[in-house]
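Report on the structure
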Amino acid sequence: MQGFPDEGGVFEPPDGSTRAKEHVAAIEAAHAAESALVDGKVPVAPPAPNLATSRHDQDDDDGIRRDVVYGALDLGTNNCRLLLAKPSRRGFRVVDAFSRIIRLGEGVGQTGRLSEAAMARTHDALKVCAAKLRRAKVHRSRLVATEACRMAENGVEFLDRVRDKLGLDIEILTPQVEAGLAVSGSAALIDTSCDYVLVFDIGGGSSELILLDLSRRSRRGDRRFAARIDAQNCMVAWTSLPVGVVTLAERFGGKHVTSEGFEAMVAETQRMLEPFEAQHGLSQRLSGSRLHMLGTSGTVTTVAGVHLGLPRYDRNRVDGCWLNLKDVRTVTYDLLGRSYEQRMAEPCIGRDRADLVLAGCAILEAVLRLWPCERLRVADRGLREGILTTLMSEDGVLRNGRRRRSRRRRES
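For the structure given in this document, a descriptive report is provided here. Because the structure is a prediction, the values reported are computed rather than measured.

1. What to know about the overall build of the protein chain
Tallying secondary structure elements over the protein chain gives 16 helices and 11 strands in all. Sorting the 412 residues of the protein chain into buried and exposed places 58% on the buried side. Split by element, the accessible area of the protein chain, about 17,300 Å² in all, is 47% carbon and sulfur.

2. Some remarks on the sheet that holds strand S6 (residues 196-202)
Taken in spatial order, the six strands line up as S8-S7-S6-S9-S11-S10 in an open sheet, and their pairing is mixed. Sheet topology places strand S8 (235-241) and strand S10 (322-324) at the edges, where each strand pairs with a single neighbour. This sheet shows a mean twist of 20 degrees between the axes of neighbouring strands, independent of strand direction. Pairing of strand S7 (residues 207-213) with S8 involves six bridges; the strand directions are antiparallel. Paired with Ile 210 across the strands is Trp 238, a residue of S8. Helix H8 (residues 259-280) contacts S7 and S8 of the sheet and is inclined by roughly 160 degrees relative to S8.

3. Section: the packing of aromatic side chains
Inspection of every chain in the model, using the stated rule, returns two aromatic pairs. Each ring, one from Phe 262 and one from Tyr 333, has its centre 5.8 Å from the other, and the planes form 70 degrees; the classification is edge-to-face. Linking Phe 262 in helix H8 with Tyr 333 in helix H12 (residues 325-336), this pair joins segments that are 71 residues apart in sequence. Overall, the relative accessible area of 0% leaves Phe 262 in the buried class. The exposure class of Tyr 333 is partly exposed, given its relative accessible area of 36%. A centroid spacing of 6.0 Å and a plane angle of 85 degrees characterise the contact between Phe 276 and Trp 371, whose relative ring orientation is edge-to-face. With a gap of 95 residues between them, Phe 276 in helix H8 and Trp 371 in the loop between helix H14 (357-370) and strand S11 (375-378) connect regions that are remote in the sequence. As far as the burial class goes, Phe 276 and Trp 371 line up, both buried. One Lys or Arg, Arg 375, reaches over the ring of Trp 322 and ends 4.0 Å from the middle of that ring.

4. Some thoughts on the packing of H8 against H12
With their axes 10 Å apart at the nearest point, H8 and H12 run at an angle of 135 degrees to one another. As summarised for this structure, H8 and H12 are arranged oblique, according to the angle between their axes. Across from Ser 259, Phe 262 and Glu 263 in H8, the residues of H12 making contact are Thr 332, Tyr 333 and Leu 336. In terms of residue class, the contact of H8 with H12 is built from three nonpolar, two polar and one charged.

5. Section: H14
Here H14 spans 20 Å end to end across 14 residues, near enough to the 20 Å set by a 1.5 Å rise per residue. Those residues of H14 not exposed but buried are Val 357, Leu 358, Ala 359, Gly 360, Cys 361, Ala 362, Ile 363, Leu 364, Glu 365, Ala 366, Val 367 and Leu 368.

6. Observations regarding the nonpolar core
For soluble globular proteins, nonpolar side chains are generally found buried alongside one another. In this structure, Met 293 and Trp 371 are the most contacted members of the largest nonpolar core, which totals 57 residues. Looking at which element gives the most residues to this core, the answer is H14, with 10 residues. In contact with Trp 371, other than residues within four places in its own chain, are Leu 198, Leu 209, Leu 273, Phe 276, Glu 277, Leu 282, Ser 283, Leu 286 and Met 293. Among the nonpolar cores identified, the runner-up in size contains 31 residues, and Leu 73, Ala 118, Leu 143 and Ala 148 belong to it.

7. Focus on the pairing of strand S3 (residues 91-101)
Bridging between strand S2 (residues 79-88) and S3 involves 10 bridges; their strand directions are antiparallel. Among the inter-strand pairings, Ala 85 is bridged to a residue of S3, identified as Val 94. Hairpin connection of S2 to S3: two residues between the antiparallel strands.

8. Observations concerning the environment of Arg 81
Turning to its location among the elements, Arg 81 is positioned in strand S2. Separated by 44 residues in the primary sequence, Arg 81 and Ala 125 place their C-alpha atoms 8.9 Å from one another.

9. Notes on the sheet that holds strand S4 (residues 140-145)
Pairing between the strands of a sheet comes from backbone hydrogen bonds, and it takes one of two forms, parallel or antiparallel. Strand order in the open sheet made by the five strands is S3-S2-S1-S4-S5, with mixed pairing throughout. Each edge of the open sheet carries a strand with a single partner, namely S3 and strand S5 (171-172). Looking at chain direction, strand S1 (residues 70-75) and S2 are connected through six bridges and run antiparallel. Bridging from a neighbouring strand, Leu 75 pairs with Cys 80 of S2.

10. Let's talk about unusual backbone geometry
Even without being glycine, Arg 103 reaches a positive phi, approximately 50 degrees. As for its placement among the helices and strands, Arg 103 is situated in the loop between S3 and helix H2 (108-111). Note on Arg 103: relative accessible area 17%, which makes it buried. One non-glycine residue, Lys 137, lies in the positive phi region at around 50 degrees. Looking at the element boundaries, Lys 137 is found in the loop between helix H3 (116-136) and S4. For Lys 137, a relative accessible area of 70% puts it in the exposed group.

11. Some details on the pattern of salt bridges
Going through the model one piece at a time under the given rule, you end up with 24 salt bridges. Between Arg 381 and Asp 319 there is a salt bridge whose closest N-O contact spans 2.4 Å. Separated by 62 residues along the polypeptide, Arg 381 in the loop between S11 and helix H15 (383-395) and Asp 319 in the loop between helix H11 (315-318) and S10 bring together distant segments of the chain. By the burial criterion, Arg 381 is buried, and Asp 319 matches it. In this structure, Glu 365 and Arg 369 form a salt bridge, with 2.7 Å as the shortest nitrogen-oxygen distance. Residue Glu 365 and its partner Arg 369 are located together in helix H14, separated by four residues, close to a single helical turn. Its relative accessible area of 3% is what places Glu 365 among the buried residues. We classify Arg 369 as partly exposed; its relative accessible area is 31%.

Calculation criteria
- Residues numbered from 1 in each chain as written.
- Predicted model: local features only at pLDDT ≥ 70, side-chain atom pairs only at ≥ 80, totals over all residues.
- Heavy atoms only, no water.
- Helix = DSSP H or I, 4+ residues; strand = E, 2+ residues; numbered from the N terminus.
- Buried < 20%, exposed > 50% of the residue type's maximum accessible area, 1.4 Å probe, protein only.
- Areas by Shrake-Rupley, 256 points an atom, 1.4 Å probe, with all protein chains shown as cover.
- Pairing = 2+ DSSP bridges.
- Axes fitted to C-alpha atoms, helices over the stretch in contact; angles between N-to-C directions.
- Contact = heavy atoms within 4.5 Å.
- Phe/Tyr/Trp six-rings, centres within 6.5 Å; stacked < 30°, edge-to-face > 60°.
- Lys NZ or Arg CZ within 6 Å of the ring centre and 35° of its normal.
- Parallel < 35°, antiparallel > 145°, perpendicular 65-115°, else oblique.
- Nonpolar A, V, L, I, M, F, W, Y, C, P; charged D, E, K, R; others polar.
- Expected span 1.5 Å × (residues − 1).
- Core = buried A, V, L, I, M, F, W, Y, C linked by side-chain atoms within 4.5 Å.
- Salt bridge = Lys/Arg side-chain N within 4 Å of Asp/Glu carboxyl O.

Here you go:
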């Protein structure tokens, strides 16, 4: 099975390199495994108010139950992704994951509707997700849809059909909530020595940009975020652009992209970014400040994989790595010089993404031209991780390992 940037992985790998590799291999195998859905609904239990204090055979000595499973499903314009995880001492541990390219938003920009073929592909993927949720006996989950269902006139109708047939109650996120969850999911990778962080998520049908002012952190003395949701308190400006890799590629062409076509995509994205710049004056605000960018999309993980020369996409190599502006542009213009078939042969791109990758690079290039930044950190995490973090925080099952050690020292 070929590894791709949006596949799930171990957010917190088990101790020991051998065990970590075994766990990653197990997760990757789970991606390929598909099981038929048993008749009936997916049982999702409500929050347990005493979860953080009840004792259990698998409780840690801080009284936190760590055997329960939480779920997060992200139904996007291009991908359907599921992540199942259990709370752990340093965050959470992934126990199963699923990812499939479904191109739900294919053609929506032209017709305003989800096509029957796209809905059928998506239904098949959601059937696998429903089976995984059932088998894992998920304690609590949040299932969300983004731009394709937001913009399609039959988006709500499709999700109603999914609920009736598969028992999956999927909500359509607002752009602002989507942006906040993406920030929460990637906050662990923020360099808190900076003044500002510009987070961006280049999706299939929309792209979110969020400016974080780290002076608004609740714990200025700690170089780490006390909780990932603390990053949402730092949001001072955000926007959601109605453009993503699918919509841009459909409009300008994705298979055979010329330099002129690429520049047209960059110019179109810049036109959409200008109102955000005019409203918030980012260029002036960021001038002379310590800044880094944080990309949570498949575009930047793909760019990172190509830059690293990986023979196969490796999340452990990509997630958290740093790129500079020269690295990004070298990869972008190298891909622009390749044919569609050559891009398809690139291990970190593959057949399913070869017609979309340059559209993503054009959006990224537009961002970099408007707000030049020498440091970009790559996150193979985002919306699903933000959902899991939020659910576990609400249940009180997330604890900081440093706090646990401090308490032990006081007791001794």
